[in-house]
Amino acid sequence: MQSIDGSEIEIGTESEIVVIRSTRRKRNIAAYRQGGRIVVSIPARLSRADERSVVPEMVAKIRAQEAARSFDESALSSRTDALLTLLAPEISERPTSVTWRAKMHERWGSCTSIDGTIRVSTRLQRAPKYVVDFVLFHEAIHLRYGDHGPQFQTLIARFPGGERAQAYLDGYEAAEDALLLPRLPL
């Protein structure tokens, strides 16, 4: 257990769950994602028995919210096809598969035009749908154009709200970098 600003921090039974016992928190319990972990903030005076009861509930709530917002893989493929049909009908190439990929920490997505596969970072499962759409459209354009040259730029500019989606991705990445909790020794 560590203390930061008068609060106790405990790592939950899963490495992605952090429990913060806050002396400033009086009644409310909060849960949120930060740097890939689920953080549950509870009042310091909460009993251990209550903690064992409430933390799993809050973790389940966060995971349920994330699941409700995310596309399943079959929806990713159909959404990609719909985006190409609507915004770039001249691109006849279609992905052979569109899948979520957990180990993509440096990119939001990738496309292998040779076999037609698109992979999208699971970090986007918590993003708004317009951001997921933007990444899907971006990667789908790579089925025809492998670089970010003028032809690619002409097509990506067709995405409504593309600047907003890019700003979201840039902000997410900056926040993730700035707010990553340091790895605590076990």
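Thresholds, definitions, all that
Residues numbered from 1 in each chain as written. Predicted model: local features only at pLDDT ≥ 70, side-chain atom pairs only at ≥ 80, totals over all residues. Heavy atoms only, no water. Core = buried A, V, L, I, M, F, W, Y, C linked by side-chain atoms within 4.5 Å. Buried < 20%, exposed > 50% of the residue type's maximum accessible area, 1.4 Å probe, protein only. Helix = DSSP H or I, 4+ residues; strand = E, 2+ residues; numbered from the N terminus. Contact = heavy atoms within 4.5 Å. Phe/Tyr/Trp six-rings, centres within 6.5 Å; stacked < 30°, edge-to-face > 60°. Lys NZ or Arg CZ within 6 Å of the ring centre and 35° of its normal. Salt bridge = Lys/Arg side-chain N within 4 Å of Asp/Glu carboxyl O.

1. With respect to the nonpolar core
Now for step 1: Counting 30 residues, the largest nonpolar core has V120, L124, L136, F137, I141 and L169 as the members making the most contacts within it.
Now for step 2: Broken down by secondary-structure element, the contributors of at least two residues to this core are α2 (73-87), β6 (97-101), β8 (117-121), α3 (129-141), α4 (150-156) and α5 (162-179).
Now for step 3: Broken down by element, the residue count for this core peaks at eight residues, all from α3.
Now for step 4: If near-sequence neighbours (up to four positions away) are discounted, L136 is found in contact with L76, R79, T80, L83, V98 and V120.

2. Points about the packing of aromatic side chains
Now for step 1: By the definition in use, this model includes four aromatic pairs.
Now for step 2: Linked through ring pairs, W108, Y168 and Y172 together constitute an aromatic cluster.
Now for step 3: Positioned above the aromatic ring of W108 is the side chain of R123, whose terminal nitrogen or guanidinium carbon lies 4.0 Å from the ring centre.
Now for step 4: Stacked on the ring of Y130, the Lys or Arg R164 has its end atom at 4.2 Å from the ring centre.

3. Focus: the pattern of salt bridges
Now for step 1: Across all of its chains, the model carries eight salt bridges by this definition.
Now for step 2: Taking the shortest distance from any N to any O, the salt bridge between R63 and E16 comes out at 2.4 Å. Of the two residues, R63 is situated in helix α1 (residues 48-69) and E16 in the loop between β2 (7-11) and β3 (17-22); the sequence distance between them amounts to 47 residues.
Now for step 3: Here R21 makes a salt bridge to E51, at a shortest N to O gap of 2.7 Å.

Purely spatial values, then, with no claim about function.
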